[in-house]
Amino acid sequence: MTITNTLPGRWVEGAGLVLGPSLLLAGVLIRAGVGDFFPDQLAAYAAHPERMVLSYSLYAAGVVLLWPAVTSLARLIGRSHPGWARWGATLVILGLFGRVFHAGVSHLAFQLVDALGLDAARRAVEATYGAFHVFKAVNLCIMAGWVVLAAGAYRARALGVVRCVCLALAAGLPLGVLKGSSDPISLVALAGLAVAFVPLGVAVLRAGPAPRWWAAALVVALVPAAFFFGLAG
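Notes on the structure in this doc start here.

Reading the values: rules and limits
Residues numbered from 1 in each chain as written. Predicted model: local features only at pLDDT ≥ 70, side-chain atom pairs only at ≥ 80, totals over all residues. Heavy atoms only, no water. Helix = DSSP H or I, 4+ residues; strand = E, 2+ residues; numbered from the N terminus. Rg over C-alpha atoms; globule rule 2.2 N^0.38 Å. Salt bridge = Lys/Arg side-chain N within 4 Å of Asp/Glu carboxyl O. Buried < 20%, exposed > 50% of the residue type's maximum accessible area, 1.4 Å probe, protein only. Polar contact = N/O pair within 3.5 Å; in protein donor to acceptor, adjacent residues only side chain to side chain. Core = buried A, V, L, I, M, F, W, Y, C linked by side-chain atoms within 4.5 Å. Contact = heavy atoms within 4.5 Å. Axes fitted to C-alpha atoms, helices over the stretch in contact; angles between N-to-C directions. Parallel < 35°, antiparallel > 145°, perpendicular 65-115°, else oblique. Left-handed = near helix turned anticlockwise from the far one by under 90°. Nonpolar A, V, L, I, M, F, W, Y, C, P; charged D, E, K, R; others polar. Patch = residues over 30% accessible without salt bridge, like charges linked within 9 Å, V, L, I, M, F, W, Y side chains within 5 Å. Areas by Shrake-Rupley, 256 points an atom, 1.4 Å probe, with all protein chains shown as cover. Arc of directions from axis to C-beta.

## Remarks on the overall build of the chain
Logical step 1: Broken down by element type, the chain carries nine helices and zero strands.
Logical step 2: Element order for the chain, N to C, with α for helix and β for strand: α-α-α-α-α-α-α-α-α.
Logical step 3: Computed over the C-alpha atoms, the radius of gyration of the chain is 19 Å, within 12% of the 17 Å expected from 2.2 N^0.38 for a compact globule of 233 residues.
Logical step 4: Principal axes of the C-alpha set define a box for the chain whose edges measure 55 × 40 × 30 Å.

## Quick notes on the pattern of salt bridges
Logical step 1: Throughout the structure, instances matching the rule amount to two salt bridges.
Logical step 2: With a shortest N-O distance of 2.8 Å, Arg75 and Glu13 are connected by a salt bridge. Of this pair, Arg75 sits in helix H3 (residues 49–78) while Glu13 sits in helix H1 (residues 10–30), and the two are 62 residues apart along the sequence.
Logical step 3: Relative accessible area serves as the criterion here: at 1%, Glu13 is assigned to the buried category.
Logical step 4: Between Asp119 and Arg122 there is a salt bridge; the shortest N-O distance is 3.2 Å. Residue Asp119 and its partner Arg122 are both found in helix H5 (residues 118–128); the two are separated by three residues, about one turn of the helix.

## Quick look at the environment of Ser57
Logical step 1: Within the element layout of this structure, Ser57 appears in helix H3.
Logical step 2: Separated by 34 residues in sequence, Ser57 and Leu23 have C-alpha atoms that sit 9.1 Å apart.
Logical step 3: From its side chain, Ser57 meets the backbone oxygen of Val53 in a polar contact 2.6 Å long.

## A word on the nonpolar core
Logical step 1: Within the largest apolar cluster, 35 residues are counted, with the highest numbers of intra-cluster contacts made by Leu73, Trp146, Leu149, Leu159, Leu167, Leu193 and Phe197.
Logical step 2: Considering every element that reaches this core, the biggest residue donor is H3, with nine residues.
Logical step 3: Discounting residues that sit within four places of it in the chain, Leu149 has contacts with Val70, Leu73, Ile77, Gly88, Ala89, Val92 and Leu167.
Logical step 4: Judged by nonpolar contacts, the second largest core, of 14 residues, contains Leu42, Tyr45, Tyr56 and Val125.

## Digging into the packing of H1 against helix H8 (residues 184–205)
Logical step 1: Their axes nearest at 8 Å, the elements H1 and H8 cross at an angle of 155°. Put simply, H1 runs roughly antiparallel to H8. Of the two possible hands of crossing, H1 and H8 adopt the one that is left-handed. Residues Arg10, Trp11, Gly14, Ala15, Leu17, Val18, Pro21, Ser22, Leu24, Leu25, Val28 and Leu29 of H1 touch H8, and the partners they reach there are Leu187, Leu190, Ala191, Leu193, Ala194, Phe197, Val198, Leu200, Gly201, Val202, Val204 and Leu205.
Logical step 2: For the contact of H1 with H8, the per-class residue count stands at 20 nonpolar, three polar and one charged.

## Describing a nonpolar patch on the surface
Logical step 1: Among the surface-exposed residues, Tyr154, Val161, Val165, Leu169 and Val188 lie close enough to one another that they form a single nonpolar patch of about 430 Å² accessible area.
Logical step 2: Structurally, Tyr154 is set in helix H6 (residues 139–155).

## Considering unusual backbone geometry
Logical step 1: At Arg157, a position not held by glycine, the phi torsion is positive, near 55°.
Logical step 2: The topology assignment puts Arg157 in the loop between H6 and helix H7 (161–168).
Logical step 3: Despite not being glycine, Leu178 shows a phi value in the positive range, around 55°.
Logical step 4: With respect to the helices and strands, the residue Leu178 is situated in the loop between H7 and H8.

## Observations regarding H7
Logical step 1: Buried residues of H7: Cys164, Cys166 and Leu167, and no others. For H7, the arc enclosing every buried residue in end-on projection is 160°, short of the 170-degree limit, so these residues lie on one face. In H7, the exposed residues that point more than 90 degrees away from the buried face are Val161 and Val162.
Logical step 2: Turning to H7, the residues buried within the fold contact H3, H6 and H8.

Below, the structure written as structure tokens:
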């Protein structure tokens, strides 16, 4: 496999392909057994805040890391089917923006539990759950994008048939605020995403030389530094 030297780069894309699905799966497995809708999610946070914060944090990080994963696959598709690559990548990435927005609202809802108590937080979320926001426009993208990307990967022979089907299963992942995503359909969708992306990520990471030692050390140092900077700000 030949990997072109384009942005965001082989290491970012390979890491996204491997870590994105892995973090999503870890996030939903940590909150497995909790009801999938907001009253149960808020109650679980009230009872076990550390568990739910870890779960939602891993899930949100996995969503963010999927964008370089998508660009990597889209580049492979674009070699023979650029239209499918453009549409698939655009729809999926728009959907990822929507999921990040949902993660932010979920975070705020958890803070309401701390500030107001569980009952008041539940009432506030129930009263505002259907409120308008601009990211409602990308709900269709969240579901349809994976199907378009999988169809493009099949037409371009970028992935095998089984892995294309597994990629399309990601369309079944529930969307919205305070969704548990630990039901069997969600787990199948995320397992399919891992089957489609993780082997490709390993291939991408192995397709060139290892990074220089100072670059790896810089990345390792920047991650905790970014967290400390954010906390200080």
